[in-house]
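Secondary and tertiary structure notes
Residue-level listing of the chains:
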Amino acid sequence: MEKAKSILFHSWYVLKSLDARIYHIILDVAVFSSVITLAAGAVLRFPASSLWSAGGILLYLIVLQFITMRYPRFADACRVMLVLGINLVLFPAALFTCGGIYSGIILFCLCGLFLCAILIHGRAGFVVFALSLAVMSASLILSVRYPQFVQPMTERQHLGHMVLSLILTAIALFSVAVLIIHSYYVERAQNEALLEKLRDLSVIDALTGLYNRRELFRRLEILYNPAEPDLLGRYILMFDVDDFKRINDTYGHSFGDAVLASVSGVLRENVHAENEELFSRYGGEEFVGVITVDSMDAAFARGDDIRRRISELRWNDLPEVRISISGGVIACAEHPNLTQAMHDVDCLLYRAKAAGKNRLAGAAEAACP
């Protein structure tokens, strides 16, 4: 029972492609319209041939639905068969069984022509549209020239059929349009989320969650734009985990990765994104940040606070482990050349290491050569 239910009913949004969702939306709306047509025809006492015609269309749609759900590899063929079967056989035949040109089948024919553009793409869609239009036009002409082959209806039946066709056509087109537009927006949102994820993968370091070196320099090049440099109040911090090779050699690379992730967590907590600040993994165990503060003293205080927080990190598996970082800080406004700025802050970092590690070197240090 559950298997049969899964074949006959399918959530549109579990389907992978927009084309597949559109096809099933159209098929479901068509099945619903056919059921209503059949039920209303019985209530309004349409001719038996009209009811048989509606039943034939409903059966054809259900068969296509079953084949598509049971054998997904035939989905593309079923899409084509839906358009060809309805436009070239079922609707033209219905024209003769439902009162000819005075029935509402002409409105359904318009829906069939609409399907050519929605379900069949490229040159094939134009070919099927032209063929469908020719067959439907020929059917109209033949129904007028050979009225003896047309199932007659009373005036009341004609009116009922026309009103019913108008209502169902309007509802079907409106429903299909709304659902397709909604599916399009869902698809677009998914694509945008995927593009955002891909963009993040291209600029974010996988281990630390910080920006990578490439994104750092892209931001710095914007900051150091020769035409409009934006250096006032901007400071560059560079940190390096002290004795990181020893950590890796003693406790293993997995723990080394955990150390880098923890250090990165502290750096992320100290970024004020609203001020266009950032921290990045510069390479290995080295990190670079760009912060916005009022003075060198404030920049030094921010950097030293980060250093202190990192020295307080602990790990449950290895509570005895202590780590520290050394770093340097420069004012971008005092280093208007990006290459020289990166050289100078790197020089200050190594001066901090040479002075005993676990410290920050800044403006008070001797100038770098």
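Further up the page is the structure itself.
Let us look at the structure shown here. The model shown is predicted, which means the values in this text are computed figures rather than measured ones. (Residues numbered from 1 in each chain as written. Predicted model: local features only at pLDDT ≥ 70, side-chain atom pairs only at ≥ 80, totals over all residues. Heavy atoms only, no water.)

**So, the overall build of the chain**
Stated precisely, the cut-off is as follows: What counts as a helix is a DSSP run of H or I of at least four residues, what counts as a strand is a run of E of at least two, and both are numbered from the N terminus. Radius of gyration here is computed from C-alpha atoms only, and the compact-globule reference equals 2.2 Å multiplied by the residue count raised to the power 0.38. Per-residue accessibility, obtained with a 1.4 Å probe over protein chains only, is compared with the maximum for each type, and a residue is labelled buried under 20%, exposed over 50%, and partly exposed between these values. Contacts are assigned to residue pairs with any non-hydrogen atoms lying within 4.5 Å of each other. The Shrake-Rupley method, run with a 1.4 Å probe, gives the accessible areas here. Residue values count only the displayed protein chains as cover. We count Lys and Arg on the positive side and Asp and Glu on the negative side, and we leave His and both chain ends out. Think of each charge as sitting on NZ of Lys, CZ of Arg, CG of Asp or CD of Glu.
Scanning the chain from N- to C-terminus turns up 12 helices and 5 strands. Taken over C-alpha atoms, the radius of gyration comes to 36 Å for the chain, far larger than the 21 Å a tight globule of 369 residues would show. Dimensions of the chain, computed from C-alpha atoms along their principal axes, come out at roughly 110 × 55 × 30 Å. Across the 369 residues that make up the chain, the buried fraction comes to 43%. Residue pairs at least 24 apart in sequence account for 72% of intrachain contacts in the chain once pairs closer than 6 positions are excluded. Accessible surface, the chain: about 20000 Å² in total, of which carbon and sulfur atoms supply 63%. Side chains of the chain give 33 positive and 36 negative charges; the mean places of these two sets differ by 11 Å.

**Describing helix H6 (residues 122-145)**
Counted only if it meets this: A helix is expected to reach a length of 1.5 Å times the quantity of its residues less one.
For H6, spanning 24 residues, the distance from its first C-alpha to its last is 35 Å, which sits close to the expected 34 Å at 1.5 Å a residue. All of the buried residues along H6 are Gly125, Val128, Ser132, Met136, Ser139 and Ser143. Against the buried residues of H6 lie helix H4 (75-97) and helix H5 (105-119).

**Digging into helix H10 (residues 253-269)**
Here H10 is 17 residues long and its end C-alpha atoms lie 24 Å apart, about the 24 Å a rise of 1.5 Å per residue gives. Looking at H10, one finds that the buried residues are Phe255, Gly256, Val259, Leu260, Val263, Ser264, Gly265, Val266 and Leu267. Buried residues along H10 sit against strand E1 (234-241), helix H9 (244-251), strand E2 (278-283), strand E3 (286-292) and helix H11 (296-311).

**Let's talk about the packing of aromatic side chains**
Basically, it comes down to this: For Phe, Tyr and Trp, rings pair up if their centres lie within 6.5 Å, where Trp contributes its six-membered ring, and each pair is then called stacked (planes under 30 degrees apart), edge-to-face (over 60) or tilted (otherwise). Put simply, a charge is over a ring when the Lys NZ or the Arg CZ is close to the ring centre, within 6 Å, and near the line of the ring normal, within 35 degrees.
For the structure on display, the rule yields 8 aromatic pairs. Taken together, a centroid distance of 6.4 Å and an interplanar angle of 20° make the contact between Phe239 and Phe279 stacked. Placement of Phe239 in strand E1 and of Phe279 in strand E2 is noted, with a sequence separation of 40 residues between them. A relative accessible area of 3% means that Phe279 is categorised as buried. Members of the aromatic cluster, each reached through a chain of ring pairs, are Tyr251, Phe255 and Trp315. One cation-aromatic arrangement involves Arg70 over Tyr71; the distance from NZ or CZ to the ring centre is 5.3 Å. Residue placement shows Arg213 over the ring face of Tyr282; its charged tip is 4.1 Å from the ring centre.

**Examining the side chain of Arg281**
Just so we agree on the cut-off: Distance and chemistry together define a polar contact, namely a pair of N or O atoms within 3.5 Å, with one atom able to donate a hydrogen and the other to accept it when in protein, and with adjacent residues in sequence counting only for side-chain atoms on both sides.
Mapped onto the secondary structure, Arg281 falls in strand E2. Using a relative accessible area of 18% as the deciding quantity, one classes Arg281 as buried. A distance of 2.8 Å separates a polar side-chain atom of Arg281 from the backbone oxygen of Gly284. Ignoring sequence-local partners within four residues, the contact set of Arg281 consists of Asp205, Leu207, Thr208, Leu210, Tyr211, Asn212, Arg213, Leu260, Glu286 and Phe287.

**Section: the pattern of salt bridges**
For the record, the criterion: When a carboxyl oxygen of Asp or Glu lies within 4 Å of a side-chain nitrogen of Lys or Arg, that pair is called a salt bridge.
The final tally for this structure, using the stated rule, is 15 salt bridges. With its nearest N and O atoms 2.6 Å apart, the salt bridge here joins Lys357 to Asp243. Of this pair, Lys357 sits in the loop between helix H12 (338-354) and strand E5 (360-361) while Asp243 sits in the loop between E1 and H9, and the two are 114 residues apart along the sequence. Taking the shortest distance from any N to any O, the salt bridge between Glu277 and Arg302 comes out at 2.8 Å. Residue Glu277 is found in the loop between H10 and E2, and its partner Arg302 is found in helix H11; the two are separated by 25 residues along the sequence. Neither residue differs from the other here; Glu277 and Arg302 are each classed as buried.

**Looking at the packing of H4 against H5**
Test applied: Throughout, an axis means a line fitted to C-alpha atoms (over the contacting stretch in the case of helices), and angles, computed between N-to-C directions, take values from 0 to 180 degrees. Should an angle fall under 35 degrees it is taken as roughly parallel, and over 145 as roughly antiparallel, whereas 65 to 115 is taken as roughly perpendicular and any remaining angle as oblique. Crossing handedness is defined as follows: a turn of the near helix away from the far one that is anticlockwise and smaller than a right angle gives a left-handed crossing, while the clockwise case is right-handed. Each residue gets one label: Ala, Val, Leu, Ile, Met, Phe, Trp, Tyr, Cys and Pro are nonpolar, Asp, Glu, Lys and Arg are charged, and the others, such as Gly, are polar.
Following both chains from N to C, one finds H4 and H5 inclined at 165°, their axes separated by 10 Å at the closest point. As judged from the angle between their axes, H4 and H5 are roughly antiparallel. Where H4 crosses over H5, the two elements pack in a sense that is left-handed. For the pair H4 and H5, the contacting residues are Arg79, Leu82, Val83, Asn87, Phe91, Ala94 and Leu95 in the first and Ile105, Ile106, Phe108, Cys109, Gly112, Leu113, Leu115, Cys116 and Leu119 in the second. Its residues assigned to classes, the contact of H4 with H5 shows 13 nonpolar, 2 polar and 1 charged.

**Quick word on the pairing of E2**
Our working rule: Between any two strands, pairing holds if DSSP finds at least two bridges.
In terms of burial, E2 is a largely internal element, 5 of the 6 residues being buried. Taken together, the 5 bridges between E2 and E3 define a ladder with antiparallel strand orientation. Within E3, the position partnered with Gly283 by the bridge is Glu286. Connecting E2 to the next strand, E3, in antiparallel fashion are 2 residues, including Gly284 with a positive phi near 60°.

**Focus on the sheet that holds E1**
Pairing in this open sheet of 5 strands is mixed, and the strands run E2-E3-E1-E4-E5 from one edge to the other. Two strands close off the open sheet at either side, each with one partner strand: E2 and E5. Summarising the sheet, strand E4 (residues 325-331) and E5 pair through 2 bridges and their orientation is parallel. Across the sheet, Gly327 pairs through a bridge with Leu360, a residue of E5.

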